[in-house]
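# Geometric and topological summary
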Amino acid sequence: MACPLLSLMVFLSMIALQAITYCRAALVSPPDTHGNQLKDGSDPSWHVQYDPVKMEMHMKTMTNISLRIEGFEKTQLGDDATIQLKSERNHVATIPNGSITVVEIKDDGSYEGGFDISGVFLGTTNLYVEVMDKNNQTIQSVEKMPITVIREERAIDHIFTGSVAVLVCVMFVLFGAAMDLPTVKAIIMKPIGPAIGFFSQFLFMPLLSYGLGLLLFPDSFEMQLGLFFTGVSPGGGASNIWTVLLGANLNLSLAMTTISTLAAFGMMPLWIFTLGRKIFERGNLVVPYTNLATFAVGLIIPMGIGLLCQRYTPRLARILVRILKPCSALLILFIVVFAIVTNLYLFELFSWQIIAAGLGLPWIGYLFGFIVSKSARLPTADALAISIETGIQNTGIAIFLLRFSLPQPAADLTTVVPVSAAIMTPVPLMILYVVLKIRERNFSHRSIVPFPDVQYVNLKRCHTTPPKIH
């Protein structure tokens, strides 16, 4: 029964992706590309040489560039002709007083001048020259000068990146120690739940993140990449915590987390090197093959250490399992808080698109996982576990992968998306928990609970025994 359902959902996901792409093409106006020709379609007779040819500068700084224009015909220019240096993206870099009235053209038809460039915010842009002749006709240069604006490197940035890398490795050691292989084997023998979870996690969520990226960030390839990397990440460790709090099937959650983590070593590169490659190509970004391979191998090693601890030092493994949940919560809290504190500039990037991406990815994932699970007639406890596992992405891995793989300023620009998702992810789960607790209290005097097959955790009783893992 599950196979036709999964085939149907794959088909529907493809249709949804095509619909999102069509809406983006129909509703979003094409970006201003600043063509390199005259308004009448002819090419300019003059050419520009920039010094330097390209530039990388820090935010909130100013520098000077020189340019030389050759091929002017004096008869084309009047006394009021102007030479302007312009930026394609003024929010990245701008040119204060970027217009100069042509005073003197040399006998060889050349002009030399200089302009100040101000770095405004993170990103890349191109500078180009625009000349207005005596007929008030605007002519744009063919040649452009690339400008990259980055943040000044700080010690705290290296501390943040290094600490996240260490903590992610520690978490994978804990995941390896917490693997209950007999439970995973038993669930695999009847794999309807894990199959739906795998399909939701590694097929629907990547397609959803790709489609949302096209719709919300049609002109920002960095943001598309940040959302896509978040969507292809495995389920987060926080899913097990919320599974316990909401009384869902913890064994199924742990099995799906294990399967998701292991499958990520194959599924993440598969998506990044196929669908994600289109984002890299459109944004003129280089796919970091070596870094991604190093990242995958770097996570397999700590996972193996955890399995070895479980095999040869069971007492240590039990201790690691006990600290898995608090460490998962601390990792998420650490990443969000540290990223905000050290990178307050992220809030300058927050827009309705960023907020919509942070809300849309996990919330749609919750709904999709629950609807598909109930359509397959799974118990509510299993449907909740699958829903939680689908919606919660390991944003720590996404942030680390982005920081590790991309150069500046792309690494900084893309981080804002998984941070937004991390902030928005727990909101509906907390609301659901409060609602369920209120309903449980309202029905308590009738000896009725909202969902008979769901066990609720009373946080007021610290001695409450959590569901046993068989």
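Because the structure is a prediction, the values reported are computed rather than measured. (Residues numbered from 1 in each chain as written. Predicted model: local features only at pLDDT ≥ 70, side-chain atom pairs only at ≥ 80, totals over all residues. Heavy atoms only, no water.)

## Looking at the overall build of the protein
- In terms of regular secondary structure, the protein is built from 17 helices and ten strands.
- Expressed as a percentage of its 470 residues, the buried residues of the protein come to 51%.
- In the form shown here, the protein has an accessible surface area of approximately 22,500 Å², with 64% of it arising from carbon and sulfur atoms. (Helix = DSSP H or I, 4+ residues; strand = E, 2+ residues; numbered from the N terminus. Buried < 20%, exposed > 50% of the residue type's maximum accessible area, 1.4 Å probe, protein only. Areas by Shrake-Rupley, 256 points an atom, 1.4 Å probe, with all protein chains shown as cover.)

## Considerations on the sheet that holds strand β3 (residues 62-70)
- Spatial ordering of the open sheet is given by β1-β3-β7-β5, a layout of four strands whose pairing is antiparallel. Whereas interior strands pair on both sides, the edge strands pair on one side only; in this sheet they are β1 (47-51) and β5 (93-94).
- Note that β5 and strand β7 (residues 111-119) share two bridges and pair antiparallel. For A93, the partnering residue across the bridge sits in β7 and is G119. (Pairing = 2+ DSSP bridges.)

## Re the pairing of β1
- What you see with β1 is a clean split: V48 and Y50 sit on the buried side and H47, Q49 and D51 on the side with no burial.
- Inspection of the sheet shows β1 paired to β3 by five bridges, in the antiparallel sense. Looking at β3, one finds that Q49 is bridged to R68.

## Structural notes on the environment of E389
- Note on placement: E389 falls in helix α14 (residues 380-391).
- Exposure remark for E389: the relative accessible area of 3% places this residue in the buried category.
- Sequence-wise, E389 and G365 are 24 residues apart; in three dimensions their C-alpha atoms are separated by 8.8 Å.

## Observations regarding the nonpolar core
- Residues I69, L85 and V129 are the most contacted members of the largest nonpolar core, which totals 101 residues.
- Considering every element that reaches this core, the biggest residue donor is helix α4 (residues 192-216), with twelve residues.
- By size, the runner-up hydrophobic cluster in this structure holds eleven residues, among which are A238, I241, L245 and Y366. (Core = buried A, V, L, I, M, F, W, Y, C linked by side-chain atoms within 4.5 Å.)

## Overview of the pattern of salt bridges
- A complete count under the given rule lists four salt bridges for this structure.
- Among the ionic contacts, a cluster of salt bridges with common partners joins R68, E70 and E112. (Salt bridge = Lys/Arg side-chain N within 4 Å of Asp/Glu carboxyl O.)

## A short note on the side chain of S118
- Along the chain, the position of S118 falls in strand β7.
- Note on S118: relative accessible area 16%, which makes it buried.
- In this structure, S118 is in contact with M57, T61, M62, V92, A93, T94 and P96, ignoring residues within four places of it in sequence. (Contact = heavy atoms within 4.5 Å.)

## Describing the packing of α4 against helix α5 (residues 221-231)
- In contact at an axis separation of 8 Å, α4 and α5 are set at 165 degrees when each is read in the N-to-C sense. Judged on the interaxial angle alone, α5 and α4 are roughly antiparallel. Crossing hand, α4 versus α5: right-handed. Facing Q201, M205, P206, S209, Y210, L212, G213 and L214 of α4, the residues of α5 in contact are Q224, L227, F228 and G231.
- The residue inventory of the contact of α4 with α5, partitioned by class, reads seven nonpolar, five polar and no charged. (Axes fitted to C-alpha atoms, helices over the stretch in contact; angles between N-to-C directions. Parallel < 35°, antiparallel > 145°, perpendicular 65-115°, else oblique. Left-handed = near helix turned anticlockwise from the far one by under 90°. Nonpolar A, V, L, I, M, F, W, Y, C, P; charged D, E, K, R; others polar.)

## Looking at the environment of L67
- Turning to its location among the elements, L67 is positioned in strand β3.
- Residue classification places L67 among the buried positions, given a relative accessible area of 3%.
- A sequence separation of 46 residues divides L67 from G113, and the C-alpha atoms of the two residues are 5.7 Å apart.

## Considering the packing of α4 against helix α7 (residues 250-273)
- It is the contact of α4 with α7, at a shortest axis distance of 10 Å, that shows an interaxial angle of 40 degrees. Crossing of α4 against α7: the hand is right-handed. Residues G193, P194, G197, F198, Q201, F202, L203, P206 and L207 of α4 lie in contact with α7, whose contacting residues are L252, M256, I259, S260, A263, A264, M267 and W271.

## Focus on the packing of aromatic side chains
- Here the structure, examined in full by the defined rule, presents four aromatic pairs.
- Look at F199 and F368: their rings are 5.9 Å apart centre to centre, the planes differ by 40 degrees, and that puts the pair in the tilted class. In this pair, F199 sits in helix α4 while F368 sits in helix α13 (residues 352-375), placing the two residues 169 residues apart along the sequence. As far as the burial class goes, F199 and F368 line up, both buried.
- Ring geometry for F204 versus F368: centroids 3.6 Å apart, planes at 0 degrees, classification stacked. Of this pair, F204 sits in helix α4 while F368 sits in helix α13; the two residues are 164 residues apart in sequence, bridging distant segments of the chain. Neither residue differs from the other here; F204 and F368 are each classed as buried.
- Joined through ring pairs, the aromatic side chains of F199, F204 and F368 make up one cluster.
- R311 extends its terminal NZ or CZ atom over the ring of Y312, reaching a point 5.2 Å from the ring centre. (Phe/Tyr/Trp six-rings, centres within 6.5 Å; stacked < 30°, edge-to-face > 60°. Lys NZ or Arg CZ within 6 Å of the ring centre and 35° of its normal.)

## Some points on the side chain of S87
- For S87, the position within the fold is in strand β4 (residues 82-87).
- Of the polar contacts made by the side chain of S87, one reaches the backbone oxygen of A93; its length is 2.8 Å.
- Apart from residues lying up to four places away in sequence, S87 is in contact with A93, I95, T125, N126, L127 and Y128. (Polar contact = N/O pair within 3.5 Å; in protein donor to acceptor, adjacent residues only side chain to side chain.)

## Observations concerning the pairing of strand β2 (residues 55-58)
- Burial along β2 is one-sided: the residues M55 and M57 are buried and none of E56 and H58 is.
- As defined by bridge partners, β2 adjoins strand β10 (residues 145-150) across four bridges and the pair is classed as parallel. Within the sheet, the bridge partner assigned to H58 lies in β10 and is I150.

## As for the confidence of the model for the protein
- Confidence along the protein averages 75 in pLDDT terms, with 74% of residues attaining 70 or more.
- Across the protein, element-level confidence peaks in α13 with a mean pLDDT of 92 and bottoms out in helix α1 (residues 2-27) with 43.
- Here residues 1-42 is modelled with pLDDT under 50, and outside its nearest four sequence neighbours on either side it reaches 51 contacts, counting other chains as well.
- Confidence drops under pLDDT 50 across residues 456-470; counting only partners more than four residues distant or on other chains, this segment forms 27 contacts. (pLDDT = per-residue confidence, 0-100.)

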